[in-house]
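Structure at a glance
One-letter residues, chain by chain:
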Amino acid sequence: MTWSVTRIADVPKNGPHWRPVRLELGIEAFGVNSSHGNTGDLLVLEHDESLSGHQELYLVLSGHARFEINGEEIDAPAGTIVVVSDAGARRRAVATADDTEILTIGATPGEPFAHSAWEYAYIVSGLYDEGLYERALERARGFLQAYPSDWPVLYWAACSAAKLGQNDEALEHLRRAAELEPTVAPRAASEDVFDSIRADVDALQR
Amino acid sequence: MSYHVAHLSDLESIPVGDRGLQWRPIRSRFGIEAFGVNAYTAEPGNEVVESHTEETYGHEELYVVVSGRATFTLDGEEVEAPAGTLVHLPDPTVRRTAVAVEPGTAVLALGAKRGEAFQPSAWELFFRAGQLEPVEALRYYEENRGAYPDHAGVDYNLACVRALAGDRDGALADFRRALERSPDEVRKWAANDSDLDSIRAEVDTILG
């Protein structure tokens, strides 16, 4: 098939609000995801894009939202476009009506698009948080075949494997994640999920 | 200003072609340089996505039906697309078009090329210049051609507007430049283009 047609409401959510549109559709040229929720739900988590350098465009597809950008409030009914070109600007958005859907598009000017490290980790951690450890580990293994140095995915793969009692695999993922990212070892040291491999996990900090 | 806000209904509306398509520029208005993004609107029976492929730019595209309802035709196959539909076209060679079915149909179009930094497409220039009188269009092209160096389509369209504005020598110089850059395409474009009527004899001589 050289094209695909999907209803946005049919893109399965990962967690309570986030729809991983780019991943579900296999888009590789730009970032695009969506968030759906009801009155009071935080649909765009407070963040900036300093690390990625992304320009972002938000489109309110349905419902009504209130954006805050660098502390300024923006009332955004359906059909509103919010463009944030300054990667350093802090932004968040809350639904102010039920059935609010916000589409987000992002990429870095002057660079070929590369997926953000958090994207695959969101999928795996979402499944983990739902207690779907086997599915989380299966998805993580798939992502790691394509992106073996995605340390957030390695971390959640380690957590999932540990939950499943697959300690050798858990430790292997954790060691690799710790090599790639210095915050991993201290974080793992405080996680109960690694109790069964505690000595090895503590050794990662030394 | 670190951000911009607009409502889809407040975007500038530029008619394109003769099938009722209204282009609502987003990328150029907000200075977006990381991906292509524009909206299109149409009333029932009119085009809301013009018939085209993405072979020239190699773009992967995503269309989002924001309101109303459209019928897409993808390589001859019809697809019903109510509001909330995502149409993903990773293959640039697929011929695509869409017609509005309901009043107030709006489609958001996103595009960029895999593995390459985004470059604005020259068609944005053509769409806007197409609505201007020849002298204004000429000024617009001259102001903006620097963003599209070595682009046969830009040179060719400059030749057309110069011919329409009565600048025969300039038109022929731009036509020759376009032909040098992309001979097969330029021969095809020039074959029946009435914009070149005032220099048709010279064009035919150049084309042999």
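Everything that follows concerns the structure shown earlier in this document.
My aim in this report is to walk through the structure given alongside it, one point at a time. (Residues numbered from 1 in each chain as written. Chains lettered and ligands numbered in written order. Predicted model: local features only at pLDDT ≥ 70, side-chain atom pairs only at ≥ 80, totals over all residues. Heavy atoms only, no water.)

Topic: empty space enclosed by the protein
To be explicit about the condition: The way it works is a 1 Å grid over only the protein atoms, where trapped points that fit a 1.4 Å probe form a cavity and open points with protein on both sides within 12 Å along at least five of seven lines form a pocket, and then any residue with an atom within 4 Å of a point lines it. Grid points are joined across faces, edges and corners, and a volume is the space filled by probe spheres set on the points. In this count, Pro and Cys sit with the nonpolar residues alongside Ala, Val, Leu, Ile, Met, Phe, Trp and Tyr, while Asp, Glu, Lys and Arg are called charged and the others, Gly among them, polar.
Applying the stated criterion across every chain, the model contains one cavity of 30 Å³ or more. Roughly 40 Å³ of volume is contained in the largest cavity. Contributing to the lining of the largest cavity are A:Ala29, A:Ala107, A:Thr108, A:Glu111, A:Pro112, A:Phe113, B:Ala34, B:Ala112, B:Glu116 and B:Phe118. Residue composition of the lining of the largest cavity, grouped by class: seven nonpolar, one polar and two charged.

Details of the environment of B:Val135
For the record, the criterion: Here a strand is any run of E in DSSP of at least two residues, a helix any run of H or I of at least four, and the numbering for each starts at the N terminus.
Along the chain, the position of B:Val135 falls in helix H3 (residues 134–144). Taking the C-alpha atoms as reference points, B:Val135 and B:Val161, separated by 26 residues in sequence, lie 7.5 Å from one another.

As for the pairing of strand S10 (residues 100–107) of chain A
Residues and elements named next belong to chain A. We apply this condition: Each residue's exposure class comes from its accessible area (1.4 Å probe, protein chains only) as a fraction of the maximum for that residue type: buried when under 20%, exposed when over 50%, partly exposed otherwise. Two strands qualify as a pair provided DSSP detects at least 2 bridges between them.
Counting buried positions along S10 gives eight out of eight residues, so the element sits mostly inside the fold. Alternating positions in S10 separate into two faces, Thr100, Ile102, Thr104 and Gly106 on one and Glu101, Leu103, Ile105 and Ala107 on the other, with burial throughout. Alignment of strand S3 (residues 31–37) against S10, held across seven bridges, turns out to be antiparallel. The residue of S10 that forms the bridge with His36 is Glu101. As paired elements, strand S5 (residues 55–62) and S10 share seven bridges and run antiparallel to each other. What sits directly across from Glu56, in S10, is Gly106.

Quick look at the packing of helix H4 (residues 151–163) of chain A against helix H5 (residues 167–180) of chain A
Helix packing geometry: the angle between the two helix axes and the distance between the axes. Residue and element names in this part refer to chain A. This is how the line gets drawn: Each axis is a line fitted through C-alpha atoms, taken for helices only over the stretch in contact, and angles between the N-to-C directions span 0 to 180 degrees. By definition in this entry, angles of less than 35 degrees are roughly parallel, angles greater than 145 are roughly antiparallel, angles of 65 to 115 are roughly perpendicular, and the rest are oblique. Crossing handedness: left-handed means the near helix sits turned counterclockwise from the far one by under a right angle, and right-handed means the same turn made clockwise. Contact between two residues is taken to exist if any of their heavy atoms lie within 4.5 Å; hydrogens are not considered.
The N-to-C vectors of H4 and H5 enclose an angle of 155°; their axes lie 8 Å apart at closest approach. Between H4 and H5, the angle falls in the class roughly antiparallel. As for how H4 packs across H5, the hand of that crossing is left-handed. Here H4 contributes Trp151, Leu154, Tyr155, Ala157, Ala158, Ala161 and Ala162 to the contact with H5, which in turn contributes Asn167, Glu169, Ala170, His173, Leu174, Arg176, Ala177 and Leu180. Tallied by class, residues from the contact of H4 with H5 come to eleven nonpolar, two polar and two charged.

Side note on the pattern of salt bridges
Any two side chains of opposite charge can pair, given that their charged atoms come close. Residue and element names in this part refer to chain A. Quick reminder of the rule: By salt bridge we mean one thing: a side-chain nitrogen of Lys or Arg within 4 Å of a carboxyl oxygen of Asp or Glu.
Inspection of every chain in the model, using the stated rule, returns 32 salt bridges over all chains. Residues Glu73 and Arg66 are paired through a salt bridge, measuring 3.8 Å at the closest nitrogen-oxygen approach. On the accessibility criterion, Arg66 (29% relative accessible area) is partly exposed. Salt-bridge contacts for Arg198 lead to Asp202; the nearest nitrogen and oxygen are separated by 3.9 Å. Here the residue Arg198 and the residue Asp202 both occupy positions in helix H7 (residues 198–203), the gap between them amounting to four residues, near one helical turn. Of the residues examined, Asp202 reaches a relative accessible area of 28% and is grouped as partly exposed.

Re a nonpolar patch on the surface
Residues and elements named next belong to chain A. This is how the line gets drawn: Surface patches are defined over residues having more than 30% relative accessible area and no salt bridge, joining like charges when they lie within 9 Å and nonpolar side chains (Val, Leu, Ile, Met, Phe, Trp, Tyr) when within 5 Å. Reported accessibility uses the Shrake-Rupley method at a 1.4 Å probe radius. Residues are deemed covered only where the shown protein chains occlude them.
A grouping of Leu45, Trp118 and Tyr122 is seen on the molecular surface, where their side chains present a nonpolar patch of about 290 Å² in accessible area. Position of Leu45 relative to the elements: it lies in strand S4 (residues 42–47). Exposure remark for Leu45: the relative accessible area of 46% places this residue in the partly exposed category.

Considering unusual backbone geometry
Residue and element names in this part refer to chain A. For Asp99, which is not glycine, the phi dihedral falls at a positive 55°. Within the element layout of this structure, Asp99 appears in the loop between strand S9 (91–95) and S10. Here Asp99 falls in the partly exposed class, since its relative accessible area comes to 45%.

Things to note about the nonpolar core
Applied cut-off: Here, nonpolar core refers to any group of buried Ala, Val, Leu, Ile, Met, Phe, Trp, Tyr and Cys residues whose side-chain atoms link them within 4.5 Å.
Among the nonpolar cores identified, the biggest contains 36 residues, and A:Phe30, A:Leu57, B:Ile26 and B:Leu108 are the most heavily contacted of them. The set of elements that each furnish at least two residues to this core consists of helix H1 (21–25), S5, strand S8 (80–84) and S10 of chain A together with strand S4 (36–42), strand S6 (60–67) and strand S11 (105–112) of chain B. Considering each element in turn, this core owes the most residues, four residues, to S11(B). Dropping the residues within four chain positions of it, B:Leu108 is found in contact with A:Leu59, A:Leu103, A:Ile105, B:Ile26, B:Val37, B:Asn38, B:Ala39, B:Leu62, B:Tyr63, B:Val64 and B:Val66. If you look at the next biggest cluster of nonpolar residues, it comprises 34 residues, including A:Leu23, A:Leu127, A:Leu137 and A:Ala140.

Quick look at the sheet that holds S4(A)
All names here are of chain A. An order of S4-S9-S6-S7 is seen for the four strands of this open sheet, with the pairing classed as antiparallel. If you trace the sheet from one side to the other, it starts and ends with S4 and strand S7 (72–77), each paired once. Ignoring which end each strand starts from, the neighbouring axes of this sheet average 20° apart. With three bridges joining them, S4 and S9 adopt antiparallel strand pairing. When the sheet's bridge partners are listed, Leu42 is paired in S9 with Val94.

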